[in-house]
Amino acid sequence: MNRIFYGILGLIIFSLPTVVSAAGGHSHDHSGGKAVYDEHCAHCHGYEGDGQGYAFENAFPKPRDFTSGLFKIRTTPTGEEPTQDDLFNIISRGMPGTTMPEWATVLNEQQRRDVAAYVEQFYKSEDEEEETDEEEETDEEEATGEEEADEEEAEEEAEEEEEEEDVPVVPLVIPKAPASTPESIARGKELTLKVECDKCHGKEGRADGPSALDQKDDWNQLPMRPADWTVPWRFRGGNSPQDIFRTVRTGLNGTGMPSFAEDLTVDETWDVVNYVRSLAPETEPEVKRTLVSKKVEGELLLEMDNGQWESAQKFYVPFSGQVILNERLFQPAVLSLRFSSIYNETEIAFRIQWNDPTSKAHKEFGGGDEMILQFPAKFKEGERALPYFLMGQPGKSVNLWAWSDAYGKVVDAKASRLGDWAVREDRPLESNISYKNGQYTLIITRVRVNDQKGSVQFPADRIVVPLAFSAVDGSSGEGGSKRGVTTWYNLLLEQPVGNNTIYVPVIIFLLILGLQVLLMIRIRNKL
């Protein structure tokens, strides 16, 4: 009996510090969350949660400084700290378009909740210290000036204290999303103009508004870009209807994105959500390694509205940052391009479209815009040893078709090292460039075969040619080796399907079927 009594007493005593701690408002034991945080999170966010981990210099956007209490993605009102569930959700899902990965496949739920609680204490503990300091200062002032304080000052202090009383923060409750309709989308478009979303996000949502390049974050005062609504799979807080609704209603702390809860009703917010989601597919398009050039009839024209392009397939090509050589770029500003190609008996044409916040001169940012197509200077079909995809190497050079706002046109160039090429003015290429609402459209044409040594050729007996791309956004300070790049793709010149291609297999099938029938008849006769 005594053993049972002392055992129960020991448990009560053992649990007492935790109970007192909870009652006193102090943090619980965070050892579990700290262990996971130190192993997986500290290299970016720092062991003190200040965002100064050893990966700080190479990460963009910069890792979050937890001690500030400023978090973009929350269900709490603008300016407020997130709930612990908000932290848990971001840890689980990650933030697309940043170096913050999703941890749901790496850490179990309890580990993620432990980390969320541990992260919370980085800014909660500072809040408590500030409150304690304020209370101590107030006590000292009351002790030294109690006799001198008159009734009017006492009343003012009482009023101030009442105003400063903490009001419970109520997280946003997201209602069920209504169905998207053409009418809702049209209303949403009008509302985005009414509340001036276009000043940052642009007329067609490509982040090219007049204020787009003036945005800076509140953590490091570094330039930051508004979200490009045409690439929703990179929305930091997710691109579901509920995610976008939350962002519009709560804003993004630490950025230029305010809350529109007072400007839009709930129904109007859903109209805006439906409009934003109408601008692009929800998921990233499929990446195909073979880019098909469509054969067409007639002369290839440089006009933007040339109807010949309607028959061509449009391919999605994403860029990666160049991280192999010095002057690395971890997050390129040009995220992707759309590629199309057509050809006839004598010419070939390419159309490339990509988003860019501005087409203006970029001298103040240190560079200009570029789009480059890259081919092997020498190539035999079936050859496996291609030049290095970063603009070749000595002994294996590449042929570049390079456009930049400095040239004002597409030029033919030779390169055997990244970012360093020699322009060959005697090898003209025909080109046309346009810029509208945050999007470049570039069309290039050239004869399929010429007598220029070291230039890519497209003879009738060659239907596959390796092709790669690189791009620079001058307004982001890119240039030289700091650029978006791709590896090699295959350009396939589609071969027309003739009548023989259709009929021959059918004839062969009928012959084989007839022979089988004859064989079965002969076998039966013998039986």
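Quantities reported herein were computed from a predicted structural model and do not represent experimental measurements.

Novice: Please clarify how the overall build of the protein should be interpreted in this entry.
Specialist: Secondary structure summary: the protein contains 11 helices and 14 strands in total. The long-range fraction of contacts in the protein, counting pairs at least 24 apart against all pairs at least 6 apart in sequence, stands at 64%. Summing over all exposed atoms, the protein offers an accessible surface of approximately 30200 Å²; the carbon and sulfur share of this is 53%.

Novice: Just checking my understanding: could you explain helix α4 (residues 84–93) for this structure?
Specialist: An α-helical segment advances 3.6 residues per turn. Residues three or four places apart therefore align on the same side. Here α4 has its buried residues at D86, L87, F88, I90, I91 and S92. Once α4 finishes, G94 follows within two positions and takes phi at roughly 75°, a positive value.

Novice: I keep staring at unusual backbone geometry and nothing clicks. Help me out?
Specialist: Among all residues except glycine, the phi angle is most often negative; among peptide bonds, the trans geometry is most common. The phi dihedral of A207 falls on the positive side, at around 60°, and the residue is not glycine. One can find A207 in the loop between α8 (198–201) and α9 (241–250). Accessibility expressed as a relative area gives 8% for A207, which makes it buried. Of note, E327 is a non-glycine position whose phi angle comes to about 60°, a positive value. Note on placement: E327 falls in the loop between β3 (320–321) and β4 (336–343).

Novice: How should the nonpolar core be read in this particular structure?
Specialist: Generally speaking, a soluble globular protein has its nonpolar side chains buried in company with each other. Counting 32 residues, the largest nonpolar core has F339, F350, W401 and F458 as its most contacted members. Excluding residues within four positions of it along the chain, F458 makes contact with I348, F350, F375, W401, R446, R448, V449, V465, L491 and L493. Formed by 17 residues, the second largest nonpolar core is a distinct cluster that contains Y37, C41, L107 and V119.

Novice: Sorry if this is basic, but what is going on with the pairing of strand β8 (residues 410–417) here?
Specialist: Sheet topology places strand β7 (residues 398–404) next to β8; six bridges connect them, and they run antiparallel. The residue of β8 that forms the bridge with W403 is V410. Between β7 and β8, which pair antiparallel in sequence order, lie five residues; one of them, G408, sits at a positive phi of approximately 75°. Sheet topology note: the β8/strand β9 (residues 420–423) ladder contains four bridges and is antiparallel. Within β9, the position partnered with K414 by the bridge is A422. Hairpin remark: β8 followed by β9, antiparallel, with two residues in the connecting loop; positive phi at G419, about 80°.

Novice: Help me understand a nonpolar patch on the surface in this model?
Specialist: Taken together, the side chains of V323, I324, L325, F330 and Y388 make up a nonpolar region of the molecular surface, amounting to roughly 390 Å² of accessible area. In this fold, F330 is placed in the loop between β3 and β4.

Novice: Which parts of the structure should I look at to understand the side chain of Q457?
Specialist: Turning to its location among the elements, Q457 is positioned in the loop between β11 (439–447) and β12 (464–472). A polar side-chain atom of Q457 sits 3.0 Å from the main-chain carbonyl oxygen of S455. Contact partners of Q457, with chain neighbours within four places excluded, come to R446, R448, V449, N450, Q452, R462 and V465.

Novice: Is there a simple way to think about the pattern of salt bridges in this case?
Specialist: Any two side chains of opposite charge can pair, on the condition that their charged atoms come close. This model, assessed by the stated rule, comprises 19 salt bridges. One salt bridge in this structure joins R113 and D85, with 3.3 Å as the shortest N-O distance. Here R113, found in helix α5 (residues 109–145), pairs with D85, found in helix α4; they are 28 residues apart in sequence, far enough to count as distant. Close ionic contact of D271 with R187 constitutes a salt bridge, the shortest N to O distance being 3.0 Å. In this pair, D271 sits in helix α10 (residues 266–278) while R187 sits in helix α7 (residues 182–194), placing the two residues 84 residues apart along the sequence. Residue D271 is classed as buried on the basis of its relative accessible area of 8%. A cluster of three or more residues bridged by salt bridges with shared partners is formed by D85, E109 and R113.

Novice: Is there a simple way to explain the pairing of strand β1 (residues 290–295) in this structure?
Specialist: Bridge analysis of β1 against strand β14 (residues 489–493) gives four bridges, and the strand direction is parallel. Looking across to β14, one finds that L291 is bridged to L491. Sheet topology places β1 next to β4; two bridges connect them, and they run parallel. Within β4, the position partnered with K295 by the bridge is Y343.

Novice: Mind showing me how you'd approach the environment of S293 here?
Specialist: Position of S293 relative to the elements: it lies in strand β1. Distance in space between the C-alpha atoms of S293 and L493 is 4.8 Å, their sequence separation being 200 residues.

Each value, and the rule that gives it
- Residues numbered from 1 in each chain as written.
- Predicted model: local features only at pLDDT ≥ 70, side-chain atom pairs only at ≥ 80, totals over all residues.
- Heavy atoms only, no water.
- Helix = DSSP H or I, 4+ residues; strand = E, 2+ residues; numbered from the N terminus.
- Contact = heavy atoms within 4.5 Å.
- Areas by Shrake-Rupley, 256 points an atom, 1.4 Å probe, with all protein chains shown as cover.
- Buried < 20%, exposed > 50% of the residue type's maximum accessible area, 1.4 Å probe, protein only.
- Core = buried A, V, L, I, M, F, W, Y, C linked by side-chain atoms within 4.5 Å.
- Pairing = 2+ DSSP bridges.
- Patch = residues over 30% accessible without salt bridge, like charges linked within 9 Å, V, L, I, M, F, W, Y side chains within 5 Å.
- Salt bridge = Lys/Arg side-chain N within 4 Å of Asp/Glu carboxyl O.
- Polar contact = N/O pair within 3.5 Å; in protein donor to acceptor, adjacent residues only side chain to side chain.

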